[in-house]
Amino acid sequence: MTAMLTAMPENDATYVVVGGGQAAAWIARTLRAEGFAGRLVLIGEEPHWPYERPALSKEFLRGTGSVEAITLLNATLAEEAGIECWLGQRVTAVDREARVVTTADGRSVAYDTLFLATGGQARRLPGLDAVPAERVHTLRTLTESERLRGALAGAKHLLVLGGGWIGLEVAATARALGVAVTVVEAAPRLCARTMPPVVSDWLHTLHEANGVHVLTGTGVAGVTGTADGVAVTLADGGRLDADHLLLGIGIEPEVGLAAAMGLALDDGIVVDAQGRTSDPRIFAAGDVARHPNAFAGAALRLESWANAQNQAIAAARAALGGTGVYADIPWFWSDQYGVNVQMLGLPGLGTRAVARGTPEAGSGCWLMLDESGIAVGAVAVNAARDLRVLRKLLEDGRAPLPDAWADTATPVQRLPSRPNVGMD
Amino acid sequence: MTEWHDAAATDALSDDEVMGLSIAGVPVALFRQEGAFFALHDLCSHGAARLSDGFVENGCVECPLHQGLVDIRSGAPCSAPITEPVRSYPVRVVGDRVEIALNR
């Protein structure tokens, strides 16, 4: 629904978007779609036109995708929409008093409203300086995905440090390309930060069934270069050799600029439900923004495709005087070995899993309940429709009766439900 | 000359339901809305997903992959990330059968 726009800015206003990713593109596109007629400048650090990142670890990495398929804004669209795109340009300073943005090569632009969609950077391990750089990979950008694809083409063995979503998706793609894979995760289980144990166990089994050597609860003591690859020394003294190393240990939100500007930070840029930062002329959205999430009842910083798109749209509308807020229930997906996994809410907070169907066997959905019986999230395996119906219920403040959820004889649309509150 | 293809029985769908069909090799999503039938090309214009696997609500179908919305009657995009229309096909009811035309 389009929120009511109450205060459309004047035509001589200038809006500037710092960032060149998915959130930045949706801010710019939405501003124009909602009628903003002033000057619109998008400043992206990457040389590429804004694109979506999910395929970088999947189709694009495998070589079956294309840049065109993931591009959100190109020269033609930008020209048509009147979006000035300064690509390959790093913003070095923002003067909030004068309201001027300056780039590394000395260009500057004065803004009326500013958006920060600076995303994040893949985390690196300290002590890798002695390892040949061409053997060490991270995966955040299109350039990094192309580089990793090139490396996998000649590799026999890939070592993945980090058993989170990026690490697992790359592991699955590497297996499809015929590369042997070892995943090393320091935590006792995979995806432990976001998933309940039942999902971690299923992922572990899925990857082992596809030939991945999975080591959980395994720390890394050191990484060294070898004549033809890398060697990792494990905390328990073991040693692993591989052609290439992928670090899949999360991202750091890119807050350097926001910190220098003096904006409120808390593992990311703090924003309100409309994406507004502590400076009312400045908005932030996407991976870098920490927003109050109504479903969670807490502030969250989400690194997901849906958040990058929808929070950006909400912020752009708010900047034009819209009254709507960003109130989506967290949702994201992964594809591994042809299996579609979708996650809703905060399933990692659940202590009791109620399965509909047999997700562990490849088709079904775990509903996750916390100790007071509140439905906190769900994880669907090749069961997107179940999850979609559940989302509708949760949006309405309701949850299916747990026994009914497990009963596949009743169509998911007709499950009896109750208010999603504690059952103390 | 419009060539009509037999698609389904009129009682094969209830309101707000959708079914995926292959008509002369073309994937088609057939919808029923308030007793009337509508057909869209069964592929989202954004990603490689079948609209017939989607969720129907308020006259729109939601793509199961990215939750973009498409107007069932026209194929017009209704929400991000879908920006291109999905092709819609003419539908008619003959007796108790639904027929679809692939050409226009």
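Just so it is clear, the model here is predicted, and its values are computed rather than measured. (Residues numbered from 1 in each chain as written. Chains lettered and ligands numbered in written order. Predicted model: local features only at pLDDT ≥ 70, side-chain atom pairs only at ≥ 80, totals over all residues. Heavy atoms only, no water.)

**Some details on the overall build of chain A**
Link 1 in the chain: Across its full length, chain A holds 11 helices and 28 strands.
Link 2 in the chain: Its C-alpha atoms give chain A a radius of gyration of 23 Å, within 12% of the compact-globule value 22 Å for 424 residues.
Link 3 in the chain: With 424 residues in all, chain A has 52% of them scored as buried.
Link 4 in the chain: A separation of at least 24 residues holds for 59% of the contacts in chain A among residues at least 6 apart in sequence.
Link 5 in the chain: Carbon and sulfur atoms provide 50% of the accessible area of chain A, an area that totals close to 17,300 Å². (Helix = DSSP H or I, 4+ residues; strand = E, 2+ residues; numbered from the N terminus. Rg over C-alpha atoms; globule rule 2.2 N^0.38 Å. Buried < 20%, exposed > 50% of the residue type's maximum accessible area, 1.4 Å probe, protein only. Contact = heavy atoms within 4.5 Å. Areas by Shrake-Rupley, 256 points an atom, 1.4 Å probe, with all protein chains shown as cover.)

**Some points on empty space enclosed by the protein**
Link 1 in the chain: Summed over all chains, the structure comprises one cavity of 30 Å³ or more.
Link 2 in the chain: There is about 100 Å³ of room inside the largest cavity.
Link 3 in the chain: In terms of lining residues, the largest cavity is bounded by 15 residues, among which Gln342, Ala384 and Arg388 of chain A together with Glu62 and Pro64 of chain B are the most central.
Link 4 in the chain: Going through the elements one at a time, β23 (339-345) and α10 (384-395) of chain A are the ones with two or more residues in the lining of the largest cavity. (1 Å grid on protein atoms, 1.4 Å probe; cavity = no way out; pocket = protein on both sides within 12 Å on 5 of 7 lines; lining within 4 Å. Points joined across faces, edges and corners; volume = space filled by probe spheres on them.)

**Quick look at helix α9 (residues 305-319) of chain A**
Link 1 in the chain: Here α9 of chain A contains 15 residues, and its C-alpha end-to-end distance of 21 Å stays within 8% of the 21 Å for a straight helix at 1.5 Å per residue.
Link 2 in the chain: Most of α9 of chain A is tucked away: 13 of the 15 residues are buried. (Expected span 1.5 Å × (residues − 1).)

**Examining the interface of chain A and chain B**
Link 1 in the chain: With 15 residues of chain A at the interface, the matching set in chain B holds 14 residues.
Link 2 in the chain: Surface buried jointly by chain A and chain B totals about 1,300 Å² across both partners, of which 51% is contributed by carbon and sulfur atoms.
Link 3 in the chain: Per-residue buried area on chain A facing chain B is highest for Trp331, Arg385 and Arg388 of chain A; these three make up 37% of the total on that side.
Link 4 in the chain: Our count for the contact surface shared by chain A and chain B stands at three salt bridges. (Buried area = accessible area lost by both parts, 1.4 Å probe. Salt bridge = Lys/Arg side-chain N within 4 Å of Asp/Glu carboxyl O.)

**A few points about the domain arrangement of chain A**
By convention, interface size is frequently given as the accessible area that disappears when the constituent parts associate.
Residues and elements named next belong to chain A.
Link 1 in the chain: According to the domain assignment, chain A consists of domain 1 (14-121 + 252-319), domain 2 (124-249) and domain 3 (338-419).
Link 2 in the chain: With centres defined by C-alpha atoms, the gap from domain 2 to domain 3 works out at 31 Å.
Link 3 in the chain: At the junction of the two partners, domain 2 supplies eight residues and domain 3 supplies 13 residues.
Link 4 in the chain: At the boundary of domain 2 with domain 3, total buried surface from both sides reaches about 790 Å², with 87% on carbon and sulfur atoms.
Link 5 in the chain: Per-residue buried area on domain 2 facing domain 3 is highest for Pro196, Val198 and Trp202; these three make up 58% of the total on that side.
Link 6 in the chain: Where domain 2 meets domain 3, there are zero salt bridges. (Domains from an automatic or database assignment.)

**Remarks on the packing of aromatic side chains**
Link 1 in the chain: For the structure on display, the rule yields seven aromatic pairs over all chains.
Link 2 in the chain: Seen in terms of ring centroids, Tyr15 of chain A and Phe36 of chain A are 4.2 Å apart; in terms of plane orientation they differ by 20°. Their pairing is stacked. Linking Tyr15 of chain A in strand β1 (residues 14-18) with Phe36 of chain A in the loop between α1 (22-33) and β2 (39-44), this pair joins segments that are 21 residues apart in sequence.
Link 3 in the chain: For Phe36 of chain A, a relative accessible area of 2% puts it in the buried group.
Link 4 in the chain: An aromatic cluster of three or more residues is present, and its members are Tyr15, Phe36, Phe115 and Phe283 of chain A.
Link 5 in the chain: Over the aromatic face of Trp26 of chain A sits the side chain of Arg29 of chain A, whose NZ or CZ is 4.4 Å from the ring centroid.
Link 6 in the chain: One residue, Arg388 of chain A, lies across the ring of Phe55 of chain B, its end atom 4.1 Å from the ring centre. (Phe/Tyr/Trp six-rings, centres within 6.5 Å; stacked < 30°, edge-to-face > 60°. Lys NZ or Arg CZ within 6 Å of the ring centre and 35° of its normal.)

**A few points about the nonpolar core**
Note that soluble globular proteins tend to have their nonpolar side chains buried in a common cluster.
Residue and element names in this part refer to chain A.
Link 1 in the chain: Core analysis: the biggest nonpolar cluster contains 39 residues, and Leu158, Trp202 and Leu203 have the highest contact counts within it.
Link 2 in the chain: For this core, the element with the highest residue contribution is helix α6 (residues 165-176), accounting for five residues.
Link 3 in the chain: Residues within four places of Trp202 in sequence aside, it is in contact with Val339, Val341, Pro359, Glu360, Trp366 and Val381.
Link 4 in the chain: Of all hydrophobic cores here, the second largest spans 30 residues; its members include Ile27, Leu72, Ala308 and Ile313. (Core = buried A, V, L, I, M, F, W, Y, C linked by side-chain atoms within 4.5 Å.)

**Looking at the side chain of Lys58 of chain A**
Link 1 in the chain: Tracing the chain through its elements places Lys58 of chain A in the loop between β2 and α2 (59-62).
Link 2 in the chain: Once residues lying within four places of it in the same chain are set aside, the contact partners of Lys58 of chain A are Glu169, Thr173 and Asp335 of chain A.

**A look at the state of the cysteines**
Residues and elements named next belong to chain B.
Link 1 in the chain: All chains considered together, the criterion is met by zero disulfides over all chains.
Link 2 in the chain: As a non-bridged cysteine, Cys60 has Cys78 as the owner of its nearest cysteine sulfur, 3.7 Å distant.
Link 3 in the chain: Cys60 gets classed as buried once you look at its relative accessible area, which sits at 11%. (Disulfide = S-S within 2.5 Å.)

**Regarding the environment of Gly59 of chain B**
Link 1 in the chain: Following the sequence through the fold, Gly59 of chain B ends up in the loop between β5 (55-57) and β6 (60-62).
Link 2 in the chain: Gly59 of chain B sits 13 residues away from Ile72 of chain B along the chain, and the two C-alpha atoms are 5.9 Å apart.

**What about unusual backbone geometry?**
Link 1 in the chain: A cis amide bond links Ala80 of chain B with the next residue in sequence, Pro81 of chain B, at an omega value of 5°.
Link 2 in the chain: Counting through the fold element by element, Pro81 of chain B comes out in the loop between β7 (69-71) and β8 (88-89).
Link 3 in the chain: Positive phi outside glycine occurs at Asp267 of chain A, with the angle close to 45°.
Link 4 in the chain: Relative to the helices and strands, Asp267 of chain A is located in the loop between α8 (256-261) and β18 (269-270).

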